[in-house]
Structures are given as C-alpha cells and as structure tokens.
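# Structural characterization, general
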Amino acid sequence: MNLRQLQQFVALAETGNFHKAAERMHMAQPPLSVSIKKLEDELGGPLFLRLSTGVQLTPAGQAMLADARLAIFHAQQCQQAVSTALQGEGGVLRVGFIGSATYSLLPRLIPSFRRRFPKVELALDESTTANILMRLEANTLDLGLVRFPVLHAGDFELTPVESDEFVLAVPADSPWAKQASVALSEFSQEPFVMYTEASVPNLFAVAMLRCQQSGFTPRIAQDAVQVQTIVSLVESGLGVALVPGVARRYSNNGVRFLSLLDNPEKLNIGIALATVRQSGNRLVARFIQHAKAEQAEFVR
C-alpha cells in the first residue's frame, strides 16, 4: 500500500465511478482498475462492489475510508511542514538562553516572533553561556542567547542584541543603599558574591577584570551561577555583587542597584545571539533578522 493507492481509493469512493476517478487522478481507467485490485488483494478482500451503474463501498471499504483520508491529510501536512521549514517559516527552532535574558530580551523577542512566524515551534531551554556554546557545537541547539563578550568565540558567529553595563547590587540596609551611584574602588575591602568560574567563566572573567580596573581583586565570600541567585545572596547579606544593569527590572525591597561612576567606556556587557558559522539553517537566519529589527526599533 502506498499514498498514491490511498488517493485512488478515496477518489473512487467519492466519485463512485472508475472513469470519473481516473479523470480526477489524471490517469487512464485501466491502470486505476489494476491498482485498486492490487490494493484489495493486499488487504485481503474487496473494498468496492462493482455494479452496472458504478461502484459502491463494501463494509471493509467503509471502514477504511476515514483512515485513508486522514493518512492523505497527514501526508499533505508533512509536505507543507518541509516546505515551510525550507523557507524558514516553519519547523522547530531550538533556542538556549541565559537566565538574565528573561528580564527584558525574551519578553521583547518571543511574542513578536510568534506573531510573525506562527508555524515555527520554539523549544526554549535555560542554561549558561558555556553550556549553550557546547550544545551548539554538538548540534543539540540551533542558536543561543549568551552573555557577551565571549572569551573563546571559536567557530561561532555572535550577533549582539542587547547592550548593558555592570551595576553594583548592595543590601537595602547597607550604608550605601541611599546613594544612586558609587565608585567601585570604594568597595575594595568588601566581600563579593561572584559568578562561579567553572560554570560561568565569561561573566566571572569580565567581573574580575572590572574590579581590577578599579584597582583591586575582590574578596569572594560566595559564588553562584544565575544572576537571580546572586541578587538573592546579596539580599541575604553575604556581600555586594556586580550584576548586569537589566537586573534592575526585577529589583526587590531587599536590594539596591547602584550605578558605577568609574565604569570604563569600553567595558560593556550584554547579550548576543550565538550560532555555528555558516549553519545554513533558514529558521536561525529568520530569528536573527527578527532580533536585529526588534533591537533597532527598541533603540529608536
């Protein structure tokens, strides 16, 4: 049994006549008769009663009709899915993202992307920059929203989509909490909550560099992976922390975020779209184009 035979069976069932069914299938009547007979032989019994006025479904044929129509429908859906995927308008797009992308970037990108490409299924997976890059290499992700700059870019293409800078998170009951801005150098003797080097090497390295540019190496009292966790640890009084400025969007009563007076102009942090070079994935290209357009609109 094949799809062509199912189409012929449905055409004959709906027209009730070999001649009309052959016309619908754009074929001669004798080959259609042979094909239907082969199908009946394969299934083990007649699907049609041959009458002088045409054909009529047998009980076996009636039992088969609904499933035959469904099989044809699903075959057409498969064809459409492949076509839209090749055009970059359908299929599954596997996206890894860092936790802080949920503050502003994802809520800005995802709803508009879904509206523009409703046939694309987004499979979203939260992780760290290091893990996302490994999964891109292993082809278990199609693209990633990663912390930028990336220390070892390798064979990845990086497209910055959100620019940011460090702010200092301090407990709300600390002496500095009433200030809007401070110099980081004033905190050289304070304990820091820092990013775990093994899990978040990029952000750890940039945060350490930022402290060194203010003339000190921080004393690390506690480390953590996610920005949200670091903010919670600051609220618990374990120290101060350098966090992306976008974290201000989800500030709480227990933490204050202070601007830094001595931020170097060239030390910006942000989020970039990471992809494997020359992947050729049309869905990835569509998402990157959409992200660029959204970023340009947001900046404007």
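Keep in mind that what you see is a predicted model, and the values were worked out from it rather than measured. By convention here, each chain's residues receive numbers from 1 onward along its written sequence. At least 70 in pLDDT is required for a residue's local features to be given in this predicted model, at least 80 for side-chain atom pairs to be given and counted, and no such filter applies to totals for whole chains, interfaces and linings, which use all residues. Side-chain measures here rest on the full set of heavy atoms in the structure, leaving out hydrogens and waters.

### Some thoughts on the overall build of the protein
Think of it this way: any DSSP run of H or I at least four residues long counts as a helix, any run of E at least two long counts as a strand, and we number them from the N terminus. The helix and strand inventory of the protein stands at nine helices and 13 strands. Values of the radius of gyration come from C-alpha atoms, whereas the globule rule sets the reference at 2.2 Å times the count of residues to the power 0.38. Relative to the compact-globule value of 19 Å for 300 residues, the protein shows a C-alpha radius of gyration of 31 Å, a clear excess of over 25%. For the protein, the spread of C-alpha atoms along the three principal axes comes to 100 × 35 × 35 Å. Buried residues are those whose accessible area, probed at 1.4 Å on protein chains only, stays under 20% of the maximum for their type, while exposed residues exceed 50% and partly exposed ones sit between those limits. Taken over 300 residues, the protein has a buried fraction of 46%. Summed over all atoms, the accessible surface of the protein reaches about 15400 Å², with 52% contributed by carbon and sulfur. A residue counts as positive if it is Lys or Arg and as negative if it is Asp or Glu; His and the chain ends are not included. By convention, charge coordinates are those of NZ in Lys, CZ in Arg, CG in Asp, or CD in Glu. Seen as two clouds, the 27 positive and the 27 negative side-chain charges of the protein have centres 8 Å apart. With residues, only the protein chains shown are counted as cover, and all accessible areas are computed by Shrake-Rupley using a 1.4 Å probe.

### A few points about unusual backbone geometry
With an omega of 10°, the peptide bond between phenylalanine 148 and proline 149 qualifies as cis. For proline 149, the position within the fold is in the loop between strand 5 (143–148) and strand 6 (156–164). Of note, the phi angle at histidine 26 is positive, near 55°, even though the residue is not glycine. Residue histidine 26 is classed as exposed on the basis of its relative accessible area, which comes to 74%. The backbone phi angle of asparagine 139 is positive, close to 65°, even though this residue is not glycine.

### Some words on the packing of helix 1 (residues 3–15) against helix 3 (residues 29–43)
Geometry is summarised by axes, namely lines fitted to C-alpha atoms with helices restricted to the contacting stretch, and by angles between N-to-C directions that run from 0 to 180 degrees. Orientation of helix 1 relative to helix 3, taken along the N-to-C sense of each, is 105°, at an axis distance of 10 Å. Considering their axes alone, helix 1 and helix 3 lie roughly perpendicular with respect to each other. Contacts from Gln5, Gln8, Phe9 and Leu12 in helix 1 reach Leu32, Ser35, Ile36, Lys38, Leu39 and Glu42 in helix 3. Taken together, the residues that form the contact of helix 1 with helix 3 break down as five nonpolar, three polar and two charged. Note that the term roughly parallel is reserved for angles under 35 degrees, roughly antiparallel for angles over 145, roughly perpendicular for angles of 65 to 115, and oblique for everything else. Contact definition: two residues touch when any of their heavy atoms are within 4.5 Å. Each residue receives one of three labels: charged for Asp, Glu, Lys and Arg, nonpolar for Ala, Val, Leu, Ile, Met, Phe, Trp, Tyr, Cys and Pro, and polar for the others, Gly being one of them.

### Focus on the sheet that holds strand 6
By this definition, two strands are paired if DSSP reports at least two bridges between them. Taken in spatial order, the five strands of this open sheet run 4-3-5-13-6, and their pairing is mixed. A single partner strand is all that each edge strand has here, and the edge strands are strand 4 (120–126) and strand 6. Ignoring strand direction, the axes of neighbouring strands in this sheet form an average angle of 25°. Where strand 3 (residues 91–97) meets strand 5, three bridges bridge the pair, whose relative direction is parallel. Bridged to valine 95 within strand 5 is leucine 143.

### Concerning the packing of aromatic side chains
Here a pair means two rings of Phe, Tyr or Trp (six-membered ring of Trp) with centres within 6.5 Å. Their orientation is stacked below 30 degrees between planes, edge-to-face above 60, and tilted elsewhere. Following the criterion strictly, the structure yields five aromatic pairs and no others. Measuring from centroid to centroid gives 5.0 Å for phenylalanine 113 and phenylalanine 287, while their planes differ by 55°, and the two rings are tilted. In this pair, phenylalanine 113 sits in helix 5 (residues 105–116) while phenylalanine 287 sits in helix 9 (residues 282–299), placing the two residues 174 residues apart along the sequence. Judged by relative accessible area, which is 1%, phenylalanine 113 ranks as buried. Each ring, one from phenylalanine 192 and one from phenylalanine 216, has its centre 5.9 Å from the other, and the planes form 45°; the classification is tilted.

### Overview of helix 3
Multiplying 1.5 Å by the helix residue count minus one yields the expected span of that helix. Here helix 3 spans 21 Å end to end across 15 residues, near enough to the 21 Å set by a 1.5 Å rise per residue. Taken residue by residue, helix 3 has Leu32, Ser35, Ile36, Leu39 and Glu40 as its buried positions. Here the buried residues of helix 3 occupy an arc of 135° about the axis, which is enough to place them on one side. Away from the buried face of helix 3 by more than 90 degrees, exposed residues Pro30, Lys38 and Asp41 are located. The arc refers to the directions leading from the helix axis to the C-beta atoms.

### Things to note about the sheet that holds strand 12 (residues 255–260)
The strand order 8-12-7-11 describes an open sheet built from four strands, whose pairing is mixed. Strands at the two margins of the open sheet, each flanked by one partner only, are strand 8 (181–182) and strand 11 (241–244). Where strand 7 (residues 166–171) meets strand 11, four bridges bridge the pair, whose relative direction is antiparallel. By the bridge assignment, alanine 169 is partnered in strand 11 with alanine 241. Each of strand 7, strand 11 and strand 12 touches helix 7 (residues 201–213); the most contacted strand, strand 7, lies at about 85° to it. The strands that helix 8 (residues 227–235) touches are strand 7, strand 11 and strand 12; relative to strand 11, the one it contacts most, it runs at about 145°.

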